[in-house]
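Chain and residue survey
As a plain string of letters, each chain reads:
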Amino acid sequence: MIVILKKSITPDEIDALVNRIRAFGVDAQISEGTGQTVIGLIGDTTKVDRCSLQANKYVERVMLVQEPFKRANRRFKEENSVINISNKTTVGASALTMIAGPCSVESEEQIVGIAKEVKRLGATALRGGAFKPRTSPYSFQGLELEGLELLKIARAETGLPIVTEIMSTSMIDKFVDDVDVIQVGARNMQNFDLLKQLGTIDKPILLKRGLAATIEEWLMSAEYIMSGGNDNVILCERGIRTIETFTRNTLDVSAIPAVKKLSHLPVIVDPSHAAGMAWMVDPLSKAAIAVGADGLIIEVHNDPANALCDGQQSIKPEEFGILVDKLRVIASVVDREIK
Ligand code: PEP
Ligand code: MN
């Protein structure tokens, strides 16, 4: 961080400012140019209150030279993080993670049937919402606790780890006991109380990008979880709001290489919520793998026309199978594999 000083500042005031900066626990180095004096802050600047420095009447401008996220930063850890989501499934290693399943758990027959099919066709984990963040309070809200029980049955029948969304801090203990990956949905990406509490456990967290979040805000949300001690964060790009209305959201393909450069955390893509249309899941999935995503989370339903949630963007198991076979070819081009 660099603090650019106004020309009117006196030596005594510079000393006072340096003392204030040092009180944040960082060192301050003064550099006097011909017309401009700047103070360089060295050390852990995460605890420095930038706004209070900016409010000082002798400060012209405060500039960041490093990203504000630290533990999530690739400068902090150079090698890619690999997250274990079960005793034989990882995210971030050379094998891509293929998470598939319905938007919502609807019945035992539905979730177990889909789980068996997607497993046979190449899925490495099962998704299914039990607690659903619906835009309308009148829409199906999920089977809630019963949904979690049905997911556990599907896991027992197939061995697939289960990924499901948490909506409330009050459910954390239950999710720690019952699920393999806790999903934080786009709408909760900046629910800081939830993020902080998820930082105190060691379960993998699938952190979806907020509907209108910048990459930096998304990585700062990962930082909330990691700063509490939970480094098991998997990022998920699921499309953002833009001026375009043809698709449900706009898949930010460039976010994948950007995140890979900025962070060591794995990043997967949700083409279903990005597109909002089943036919577009295929091309967006291919694009995601081609640009370096560590995997996909795809909505798959046995009967999309009668799905209780997001049927319009759900593909059928047989379509998932055809897609996975095509993705194997793309994966090999980017030095990845689908097991
Ligand atoms: C979901 O995965 O079912 C979901 C609601 O996703 P998002 O939070 O990305 O909208
Ligand atoms: Mn959905």
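Use the structure listed above.
So, here's what we can say about the structure.

Definitions and cut-offs
- Residues numbered from 1 in each chain as written.
- Chains lettered and ligands numbered in written order.
- Predicted model: local features only at pLDDT ≥ 70, side-chain atom pairs only at ≥ 80, totals over all residues.
- Heavy atoms only, no water.
- Helix = DSSP H or I, 4+ residues; strand = E, 2+ residues; numbered from the N terminus.
- Buried < 20%, exposed > 50% of the residue type's maximum accessible area, 1.4 Å probe, protein only.
- Core = buried A, V, L, I, M, F, W, Y, C linked by side-chain atoms within 4.5 Å.
- Contact = heavy atoms within 4.5 Å.
- Pairing = 2+ DSSP bridges.
- Axes fitted to C-alpha atoms, helices over the stretch in contact; angles between N-to-C directions.
- Phe/Tyr/Trp six-rings, centres within 6.5 Å; stacked < 30°, edge-to-face > 60°.
- Parallel < 35°, antiparallel > 145°, perpendicular 65-115°, else oblique.
- Left-handed = near helix turned anticlockwise from the far one by under 90°.
- Nonpolar A, V, L, I, M, F, W, Y, C, P; charged D, E, K, R; others polar.
- Donors = N, O, S within 2.8 Å, 3.2 Å for Na, K, Ca; no water.
- Near = heavy atom within 4 Å.

This part covers unusual backbone geometry. Trans peptide bonds make up the majority, and among non-glycine residues the majority have a negative phi. At Glu 144, a position not held by glycine, the phi torsion is positive, near 55°. As for its position among the elements, Glu 144 is in the loop between strand 8 (125-127) and helix 4 (145-158). The class of Glu 144 is partly exposed, set by a relative accessible area of 38%. Phi at Asp 310 takes a positive value of approximately 55°, unusual for a residue other than glycine. Position of Asp 310 relative to the elements: it lies in the loop between strand 14 (295-299) and helix 11 (317-333). Given the relative accessible area of 12%, Asp 310 is considered buried.

The next point concerns the nonpolar core. Formed by 71 residues in total, the largest nonpolar core has its most connected members in Ile 166, Leu 198, Leu 207, Leu 235 and Phe 320. With 6 residues, helix 7 (residues 215-227) is the single largest residue contributor to this core. Each residue touching Leu 207, except ones within four places of it in the same chain, is listed here: Val 184, Met 189, Leu 195, Trp 218, Ser 221, Ala 222, Ile 225, Val 233, Ile 234, Leu 235 and Cys 236. If you look at the next biggest cluster of nonpolar residues, it comprises 17 residues, including Met 1, Val 18, Val 26 and Ile 39.

Ordered by their spatial adjacency, 4 strands build an open sheet running 2-3-1-4, and the pairing between neighbours is antiparallel. At either end of the open sheet lies a strand with only one pairing partner, and these are strand 2 (27-32) and strand 4 (59-63). The average undirected angle you get between the axes of adjacent strands in this sheet is 20°. Bridging between strand 2 and strand 3 (residues 37-42) involves 6 bridges; their strand directions are antiparallel. Note on strand 3: the bridge partner recorded for Ser 31 is Val 38. Lying over the sheet, helix 1 (residues 11-22) contacts strand 1 (2-5), strand 2, strand 3 and strand 4, oriented at roughly 150° with respect to strand 2.

Looking now at the packing of aromatic side chains. By the definition in use, this model includes 2 aromatic pairs. With a centroid separation of 5.9 Å and 45° between ring planes, the pair formed by Phe 131 and Phe 175 is classed as tilted. Here Phe 131, found in the loop between strand 8 and helix 4, pairs with Phe 175, found in helix 5 (residues 172-178); they are 44 residues apart in sequence, far enough to count as distant. Accessibility expressed as a relative area gives 12% for Phe 131, which makes it buried.

Our focus in this paragraph is the packing of helix 7 against helix 8 (residues 255-262). With their axes 11 Å apart at the nearest point, helix 7 and helix 8 run at an angle of 50° to one another. On the basis of the axis angle, helix 7 is oblique to helix 8. Along this stretch, helix 7 crosses helix 8, giving a crossing that reads as right-handed. Residue-level contacts link Ile 215, Trp 218 and Leu 219 of helix 7 to Ala 255, Ala 258, Val 259 and Leu 262 of helix 8. Of the residues contributing to the contact of helix 7 with helix 8, the split by class is 7 nonpolar, no polar and no charged.

Looking now at the coordination of the manganese ion (ligand 2). The protein atoms that coordinate the manganese ion (ligand 2) are Cys 103 (SG), His 273 (NE2), Glu 299 (OE) and Asp 310 (OD), at distances of 2.0 to 2.4 Å. Between consecutive donor residues of the manganese ion (ligand 2), the sequence gaps follow C-x169-H-x25-E-x10-D. You can see Glu 299 sitting in strand 14 and its partner Asp 310 sitting in the loop between strand 14 and helix 11, a full 11 residues away along the chain. Summarising the burial analysis for this pair, Glu 299 and Asp 310 share the class buried.

By nearness alone, 13 residues border ligand 1, and Arg 127, Lys 132, Ala 186, Arg 187 and Arg 238 come closest of all. Class assignment of the residues belonging to the shell around ligand 1 gives a composition of 3 nonpolar, 3 polar and 7 charged.

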